[in-house]
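# Coordinate inspection notes
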Amino acid sequence: MSEEPSEDHYFSADPSVPFKREPVTAEVWGRTLSLVSGSGVFAKGRLDIGTAVLFRETEPPAGGRVLDLGCGYGVIGLAVAVSAPDATVTAVDVNERAVLLANENAAALGVADRYRATTPDAVEPHATYNEIWSNPPIRIGKQALHELLLTWLPRLAPGGRAVMVVGKNLGADSLQRWLGQQGYPTTRLASAKGFRVLESRRG
């Protein structure tokens, strides 16, 4: 089964498909966000099902330093910034179009003072986070995904947590076991529409 062309390059740094913006309306934690997505960026023109499950099955963080890992056009981190006025959000993505759109969306929502999207190499190397929220890029492959998570999970502050949504058929249950084996005890917060919402804790 082939994916739609606009998805083929969403985890590349500079997608080759022509750049066309497309509006998205997202329902997040009881709020409606008007955002802009774009070609070559994950979930162009829509709120993907997994992210919708994540919002429906969780409550927003109370505040603190939050990382949106693999932010796409920014919906998870922007939802955090809008819903938690005491939160400061760093959003990372290798896709430069995604970073551009996420920062544009932050400005449009009036949260640019507490939200910054960037490529991973531009993140302050010693920054730590109270929470990490993510719909991780499972399709980059297991080894690359494990490397990604082991790069960012150690940045959780003591007692911090990561909240992720992962498709059951894309290995959510084996990922839950693997995270525990790496020293991040992981529980399943919810299961809906073929997705698991996982919570990993740093001791």
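Please read all numbers here as calculations on a predicted model, not as lab measurements. (Residues numbered from 1 in each chain as written. Predicted model: local features only at pLDDT ≥ 70, side-chain atom pairs only at ≥ 80, totals over all residues. Heavy atoms only, no water.)

With that out of the way, let us pick up the overall build of the chain. In terms of regular secondary structure, the chain is built from five helices and nine strands. Counting from the amino terminus, helix and strand elements in the chain follow one another as β-β-α-β-α-β-α-β-β-α-β-α-β-β. Counting every position in the chain, which comprises 203 residues, the buried fraction comes to 51%. When contacts within the chain are restricted to residue pairs at least 6 apart in sequence, long-range pairs at least 24 apart make up 67% of them. (Helix = DSSP H or I, 4+ residues; strand = E, 2+ residues; numbered from the N terminus. Buried < 20%, exposed > 50% of the residue type's maximum accessible area, 1.4 Å probe, protein only. Contact = heavy atoms within 4.5 Å.)

What follows concerns the packing of aromatic side chains. The description of two aromatic rings rests on the distance between their centres and on the angle between their planes. Considering all chains together, one arrives at two aromatic pairs under this definition. Aromatic side chains Trp29 and Phe55 sit 5.0 Å apart centroid to centroid with 80° between the ring planes, which places their arrangement in the edge-to-face category. Of the two residues, Trp29 sits in the loop between strand E1 (21-28) and strand E2 (31-38) while Phe55 sits in helix H1 (residues 49-56), which places them 26 residues apart along the sequence. Taken individually, Trp29 and Phe55 each receive the classification buried, so the pair is uniform in this respect. Pairing Trp29 with Trp133 gives two aromatic rings, centres 5.5 Å apart and planes at 90°, and the pair type is edge-to-face. Taken together, the residues span a long stretch of sequence, with Trp29 in the loop between E1 and E2 and Trp133 in strand E6 (residues 129-134) at a distance of 104 residues. (Phe/Tyr/Trp six-rings, centres within 6.5 Å; stacked < 30°, edge-to-face > 60°.)

Below, the discussion takes up the nonpolar core. Residues Tyr73, Val75 and Tyr115 are the most contacted members of the largest nonpolar core, which totals 39 residues. A per-element tally of this core places helix H2 (residues 75-83) first, with six residues. The next biggest cluster of nonpolar side chains, apart from the first, holds 21 residues, and it includes Ala162, Val166, Leu175 and Trp178. (Core = buried A, V, L, I, M, F, W, Y, C linked by side-chain atoms within 4.5 Å.)

One ladder, built from four bridges, connects strand E4 (residues 87-92) with strand E5 (residues 115-118); its direction is parallel. The residue of E5 that forms the bridge with Ala91 is Ala117. Considered for its hand, the β-α-β crossover made up of E4, helix H3 (residues 96-109) and E5 is right-handed. (Pairing = 2+ DSSP bridges. Right-handed = clockwise from strand over helix to strand, strands pointing away.)

Attention shifts here to the environment of Thr187. Counting through the fold element by element, Thr187 comes out in strand E8 (residues 186-192). Expressed as a C-alpha distance, the spacing of Thr187 and Val197, which sit ten residues apart in the sequence, is 8.6 Å. Those residues in contact with Thr187 that lie beyond four places of it in its chain are Gln176, Val197, Leu198 and Glu199.

Before going further, it helps to spend a moment on the environment of Val123. Within the secondary structure, Val123 is located in the loop between E5 and E6. We classify Val123 as buried; its relative accessible area is 8%. Once residues within four sequence positions are removed from consideration, Val123 is found in contact with Thr90, Val92, Thr118, Tyr129, Trp152 and Arg155.

Another point: H1. Listing the buried residues of H1 in full gives Gly50, Thr51, Val53, Leu54 and Phe55. Here the buried face of H1 lies against E1, H2, E6, strand E7 (156-167), E8 and strand E9 (195-201). Capping of H1 at its N-terminal end is provided by Asp48; its side-chain oxygen lies 3.1 Å from the backbone amide nitrogen of Gly50. (Polar contact = N/O pair within 3.5 Å; in protein donor to acceptor, adjacent residues only side chain to side chain.)

Once that is clear, we can look at H2. For an α-helix the count is 3.6 residues per turn, leaving residues at separations of three or four pointing the same way. In terms of burial, H2 is largely enclosed, as eight of its nine residues are buried. Listed as buried for H2 are Val75, Ile76, Gly77, Leu78, Ala79, Val80, Ala81 and Ser83.

Our focus in this paragraph is the packing of helix H4 (residues 142-152) against helix H5 (residues 172-181). Orientation of H4 relative to H5, taken along the N-to-C sense of each, is 45°, at an axis distance of 12 Å. The pairing of H4 with H5 is recorded here as oblique in orientation. The handedness of the crossing between H4 and H5 comes out as right-handed. Between H4, through Leu145, His146, Leu149 and Leu150, and H5, the contact on the second element is made entirely by Leu175, Trp178 and Leu179. Split by residue class, the contact of H4 with H5 holds six nonpolar, one polar and no charged. (Axes fitted to C-alpha atoms, helices over the stretch in contact; angles between N-to-C directions. Parallel < 35°, antiparallel > 145°, perpendicular 65-115°, else oblique. Left-handed = near helix turned anticlockwise from the far one by under 90°. Nonpolar A, V, L, I, M, F, W, Y, C, P; charged D, E, K, R; others polar.)

For Glu199, the location among the structural elements is in strand E9. Of the polar contacts made by the side chain of Glu199, one reaches the side chain of Arg161; its length is 2.6 Å. Separated by 3.4 Å, the side chains of Glu199 and Arg201 make a polar contact.

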